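Here's the letter readout for the chains.
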Amino acid sequence: DSTAVRRDRFSGGPAREFLSSMDADARIFAADLAVDRAHVVMLAEQGIIEASAAETILGALDDVESAGFDALPDGEDVHEAIETAVIDRVGPVGGKMHTARSRNDEVATCIRHRFRDDLLDAAETTIAFREALLETAAAHADTVMPGYTHLQPAQPVTVAHFLLSYESAVARDTERLLDAYARTNRSPLGAAAFGGTPFDIDRERTADLLGFDSVVENSMDASSTRDFLVEGVSALAGLATTVSGLAEDLVVFSNKGLVSLSDDYASTSSIMPQKKNPDTLELVRATAGDATGALQGLLTTLKGLPRAYNRDLQSATGYGWTAVDEVAEAVEVVAGAVATAEWPADALADAAGEGFSTATGVADTLAMAGLPFRTAHEIVAEAGTGDLAALDGAAREVTGEPLADLADGEAVEAALDPAASVAMRDSFGGPAPDAVAGALDRAADGVAADV
Ligand code: ARG
């Protein structure tokens with residue numbers, strides 16, 4: 001038949017391998033079967049094909065499914081291979097399956113069908129990660145630690161406040177993944193090659209059967225856009241970037257002895273017997289580069305593509321799979337590393353006081369007693385240390401008055417204590433245990449809402 005003739009003409013040749021997406025298509029095997037079934041059911045419901053033909057095709061699809069992806073005949077891609085497998089089983093009537101559609105709307109539907117699940121799985125991974133962060137934070141609401149800017153000692157905080165800072169960021173990453181999901185979960189099926197079809201199809205019906213929220217209306221747009229992949233990969237690259245910051249913090253902290261990673265998340269050296277290295281976190285850090293590379297690769301592939309379908313799109317798909325697999329794995333690893341790490345309270349408390357990290361609290365205390373903040377800042381900067389005599393000398397130099405006349409001595413002394421320095425910063429969102437208690441509750445509510 002003419003199909004066979006066409007196939008023969010295009011099936012061989014040196015570029016066959018190059019053209020094929022068969023290996024990568026294993027990932028959308030199940031999606032393609034679902035899309036085939038929905039399409040065939042709709043065709044029969046609309047009276048476009050006979051009920052008996054639909055039944056025959058659906059039976060063949062069940063059989064193709066049980067045989068599995070590896071049993072598929074050769075084909076340029078999974079769509080062609082499944083169609084061939086159906087025709088091999090039931091004869092030419094199987095060819096009715098491809099009425100009123102094209103591989104272009106078919107593949108776009110398959111990618112969305114699979115990618116939406118991947119996005120939901122990735123979102124779930126972020127939720128588990130947030131739970132791990134919150135659990136560890138709750139256990140360390142009073143564990144004082146150094147806070148850094150420019151990697152220099154800045155102000156003491158708590159382990160809970162530090163971890164919550166990442167939970168907040170990951171919560172937004174969850175939101176972005178769910179946002180990308182919402183726009184991925186729309187059906188392009190029925191766009192056909194790009195130009196619609198004369199058959200009286202029901203696009204809403206196939207969308208519904210496949211669990212899509214709505215239809216991508218314009219047929220040229222539907223078959224050719226991959227902007228849903230851009231959004232998803234972008235959300236994943238953003239998540240990987242968030243996580244890479246935490247990985248880097250943990251690498252630095254473990255270097256300073258401020259956190260102790262479980263052996264499960266560390267690695268040793270093949271030659272240096274004493275080594276315990278934070279390799280897993282370094283790989284997590286590197287994942288942000290891979291995900292950014294995927295985003296860049298995807299956008300570069302899509303850039304400048306004319307309407308409508310172009311085969312370049314086949315190359316774009318892989319970036320979605322790479323990003324989702326690598327980033328989800330990295331998030332699982334970092335969640336495990338956080339859940340099992342130990343935070344040595346004494347070392348953290350000692351480090352929290354290093355580098356006159358309470359200086360800002362002392363200046364705040366002087367300002368709260370009535371000095372202009374800039375004058376208070378000058379006094380503390382002039383003293384350059386928490387030594388009370390030095391502060392007094394600086395006060396006299398800057399204002400002509402002794403420290404005792406400017407502020408309550410006990411309050412100044414208290415501000416020099418890292419734990420008290422944390423406790424006084426009880427503004428909304430601040431590190432004081434009182435403020436953090438509320439933040440922990442709200443974060444837990446946020447996780448519960450996302451589950
Ligand atoms: N496998 C292709 C893809 O992933 C679909 C093939 C459509 N082929 C075509 N010549 N229009 O995009």
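Residues numbered from 1 in each chain as written. Predicted model: local features only at pLDDT ≥ 70, side-chain atom pairs only at ≥ 80, totals over all residues.

**So, the packing of helix H14 (residues 359–368) against helix H15 (residues 373–383)**
Viewed as axis vectors pointing N to C, H14 and H15 meet at an angle of 135 degrees, and their least axial separation amounts to 8 Å. Between H14 and H15, the crossing angle belongs to the class labelled oblique. As for the relative orientation of H14 and H15, their crossing is right-handed in sense. Taking contact as the criterion, the partners of Ala 359, Val 362, Ala 363, Leu 366 and Ala 367 in H14 are, on H15, Phe 373, Ala 376, His 377, Ile 379 and Val 380. (Axes fitted to C-alpha atoms, helices over the stretch in contact; angles between N-to-C directions. Helix = DSSP H or I, 4+ residues; strand = E, 2+ residues; numbered from the N terminus. Parallel < 35°, antiparallel > 145°, perpendicular 65-115°, else oblique. Left-handed = near helix turned anticlockwise from the far one by under 90°. Contact = placed C-beta atoms within 7 Å.)

**Some points on the site of the ligand**
If you check the shell around the ligand, you find Ser 21, Asp 77, Arg 103, Asn 104, Val 107, Tyr 309, Arg 311, Leu 313, Gln 314 and Thr 317 and nothing else. Among the secondary structure elements, those contributing two or more residues to the shell around the ligand are helix H6 (103–139) and helix H12 (312–340). (Near = placed C-beta within 6 Å.)

**A short note on the confidence of the model for the protein chain**
Across the protein chain, pLDDT averages 95, with 97% of residues at or above 70. If you check the scores for this complex, the pTM reads 0.94 and the ipTM reads 0.96. (pLDDT = per-residue confidence, 0-100.)

**Quick look at the UniProt feature "domain: Argininosuccinate lyase C-terminal" (unreviewed entry) in the protein chain**
Mapped onto this structure's residue numbering, the UniProt feature "domain: Argininosuccinate lyase C-terminal" (unreviewed entry) falls at residues 356–423. For residues 356–423, the end-to-end C-alpha separation is 17 Å, with 74% helix and 0% strand making up the annotated structure. (UniProt positions renumbered as here; feature names shortened; annotations may be inferred.)

**What to know about the environment of Glu 167**
With respect to the secondary-structure elements, Glu 167 resides in helix H7 (residues 159–184). C-alpha separation for the pair Glu 167 and Thr 365, spaced 198 residues apart in sequence, amounts to 31 Å.

**Notes on the nonpolar core**
Leu 236, Val 327 and Val 334 are the most contacted members of the largest nonpolar core, which totals 130 residues. In terms of residue count, H12 provides more of this core than any other element does, 14 residues in total. Contact partners of Val 327, with chain neighbours within four places excluded, come to Ala 122, Leu 236, Leu 239, Ala 240, Thr 287 and Ala 291. (Core = buried A, V, L, I, M, F, W, Y, C linked by C-beta atoms within 7 Å. Buried ≥ 20, exposed ≤ 12 C-beta atoms within 10 Å, placed from the backbone.)

**Things to note about the UniProt feature "domain: Fumarate lyase N-terminal" (unreviewed entry) in the protein chain**
Here the UniProt-annotated "domain: Fumarate lyase N-terminal" (unreviewed entry) positions come out as residues 39–293. Between the first and last C-alpha atoms of residues 39–293 the distance is 36 Å; the span itself is 62% helix and 7% strand.

**Some thoughts on unusual backbone geometry**
With omega at 0 degrees, the peptide bond leading from Arg 307 into Ala 308 counts as cis. Tracing the sequence through the fold places Ala 308 in the loop between helix H11 (279–302) and H12. With a phi angle near 60 degrees, Ala 100 is a residue other than glycine that sits in the positive phi range. As for its position among the elements, Ala 100 is in the loop between helix H5 (78–90) and H6. With phi around 50 degrees, Phe 356 is a residue other than glycine that occupies positive phi space.

**Observations concerning the domain arrangement of the protein chain**
The domains assigned to the protein chain are domain 1 (2–100), domain 2 (105–190 + 217–349) and domain 3 (352–450). With centres defined by C-alpha atoms, the gap from domain 1 to domain 2 works out at 36 Å. The interface is formed by 10 residues belonging to domain 1 together with 12 residues belonging to domain 2. Class assignment of the residues belonging to the side of domain 1 that touches domain 2 gives a composition of 5 nonpolar, 3 polar and 2 charged. (Domains from an automatic or database assignment. Nonpolar A, V, L, I, M, F, W, Y, C, P; charged D, E, K, R; others polar.)

**Description of the environment of Ala 383**
Structurally, Ala 383 is set in helix H15. Once residues lying within four places of it in the same chain are set aside, the contact partners of Ala 383 are Ala 390, Leu 391 and Ala 394.

**A few points about the environment of Thr 174**
With respect to the helices and strands, the residue Thr 174 is situated in helix H7. Residue Thr 174 is classed as buried on the basis of its 22 C-beta neighbours within 10 Å. Once the C-alpha coordinates of Thr 174 and Val 362 are considered, the two residues, 188 residues apart in sequence, prove to be 39 Å apart. Each residue touching Thr 174, except ones within four places of it in the same chain, is listed here: Ala 123, Thr 126, Ile 127 and Asp 450.

**Description of the packing of H11 against H12**
Interaxial distance between H11 and H12 falls to 9 Å at its minimum, and their mutual angle equals 160 degrees. In terms of orientation, H11 lies roughly antiparallel with respect to H12. Considering only the axes of H11 and H12, their crossing is left-handed. Of the residues in H12, those touching H11 at Thr 280, Leu 281, Val 284, Thr 287, Asp 290, Ala 291, Ala 294, Gly 297, Leu 298, Thr 301 and Leu 302 are Asp 312, Ser 315, Ala 316, Tyr 319, Thr 322, Ala 323, Glu 326, Val 327, Ala 330, Val 333, Val 334 and Ala 337. Residue composition of the contact of H11 with H12, by class: 14 nonpolar, 6 polar and 3 charged.

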